[in-house]
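Fold and geometry: a report
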Amino acid sequence: TRPNVVFVITDDQGYGDLSCHGNPVLKTPHLDELYNDSVRLVDYHVSPTCSPTRSALLTGHWTNRTGVWHTILGRSLLRENEVTVGEAFRRSGYATGMFGKWHLGDNYPFLPEHRGFTEVMRHGGGGVGQTPDYWDNAYFDGSYFHNGKVTPVEGYCTDVWFDYARRFIRTQKEAGKPFFAYLSTNAPHGPMHAPKLFSQPYLDSGPHVANFFGMIANIDYNVGRLRAFLREEGLDQNTIFIFTTDNGTSSGSKVFNAGMRGAKGSEYDGGHRVPMFIHWPAGNLTGGRDVSPITAHVDIMPTLLDLCGVPAPPNVKFDGRSIRPLLDPDSN
């Protein structure tokens, strides 16, 4: 039985935007629980902005090789000849789902449906309400693109992404098919809108930071709910569950930045050193262990292929490498 993969990546949440990393204000109990039982890459680096990170982790290639070196003006389009991790898993018999933020192109042949993902629920552009998104879209009760069709929904955007991911996972369980679920939230990217239940505890920090932290608290809630769902479905033991973020914090550095300099967009560590938790009980990736050697987003695709026994795409040379040896408990 091949492992399933749930890959959660949030937007603009930095290394210090977690209570398990020492944030004195923000509370993230469910992510703390994941942290406590995961293998943690403590010197893991991405690009300092959104699209470049996504292009590298989905292809195993440095961003400039993929054609993605910015977030706007056509510089976020993933070259058509790039083979994504979604395509590799799909070719190997996995069901592949993408939920939330894509930000690698909004027309043929750049959409996730064209890049290996067979179930897609996403917004347009780099954030809800941006020009490529559905007109006059919103974080609450918006309209998003479900397999290419505009679909009105009820509720908060992050809740919607996780809800559709759970539906996808249950469908694959019933079909007896392994799955790769890429769950990419637009939160806590601006504009800063959060459910009041989650932002209210942080109002003393001002409305901007309160909503930023509220968006993260809502993500934390959804991660806990998704992990409980996997346990209830009997899928938790053989599912590789990953949590990470796409770049440094956009709004939390003045509250807590884990001793780092810089934030989103910076060449300093605060711009590109981010959390990376990997949890897989059946693969002995548990116990709260730290991996100290430097790692990067280009290592993600070759590592996942290695862990899941998925063949690498023919004629593709990765810039990263599988870090499976580092994840082995005997190597640390």
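First things first, this report covers the structure right here in the doc. Worth saying up front: this structure is predicted, and the values here are computed from it rather than measured.

A separate point is the side chain of Glu82. Structurally, Glu82 is set in the loop between helix H3 (63–66) and helix H4 (85–91). The charged side chain of Glu82 is buried without a salt bridge, its nearest counter-charge being Arg79 at 5.6 Å. Among the polar contacts listed, one links the side chain of Glu82 to the side chain of His61, at a separation of 2.8 Å. If sequence neighbours within four positions are ignored, Glu82 has contacts with Thr59, His61, Arg65, Thr66 and Arg115.

Within helix H1 (residues 29–36), burial applies to Leu31, Asp32, Leu34 and Tyr35. An end-on view of H1 places all buried positions within 160 degrees of arc, on one side of the element.

On to the packing of aromatic side chains. Taken as a whole and assessed by the stated rule, the structure comprises 16 aromatic pairs. Each ring, one from Trp102 and one from Phe117, has its centre 5.9 Å from the other, and the planes form 75 degrees; the classification is edge-to-face. One end of the pair, Trp102, is in the loop between strand S4 (95–100) and strand S5 (119–122); the other, Phe117, is in the loop between S4 and S5, with 15 residues separating them in the sequence. With respect to class, Trp102 is no different from Phe117; both count as buried. For the ring pair Tyr144 and Trp161, a centre distance of 4.7 Å and an interplane angle of 50 degrees mean the geometry is tilted. A residue pair is termed long-range when its members are at least 10 positions apart, and Tyr144 in strand S6 (residues 143–146) and Trp161 in helix H5 (residues 157–175) qualify at 17 residues. Exposure class is identical for Tyr144 and Trp161. Each is buried.

Cut-offs used in this document
Residues numbered from 1 in each chain as written. Predicted model: local features only at pLDDT ≥ 70, side-chain atom pairs only at ≥ 80, totals over all residues. Heavy atoms only, no water. Helix = DSSP H or I, 4+ residues; strand = E, 2+ residues; numbered from the N terminus. Buried < 20%, exposed > 50% of the residue type's maximum accessible area, 1.4 Å probe, protein only. Lys, Arg positive; Asp, Glu negative; His and termini not counted. Salt bridge = Lys/Arg side-chain N within 4 Å of Asp/Glu carboxyl O. Polar contact = N/O pair within 3.5 Å; in protein donor to acceptor, adjacent residues only side chain to side chain. Contact = heavy atoms within 4.5 Å. Arc of directions from axis to C-beta. Phe/Tyr/Trp six-rings, centres within 6.5 Å; stacked < 30°, edge-to-face > 60°.

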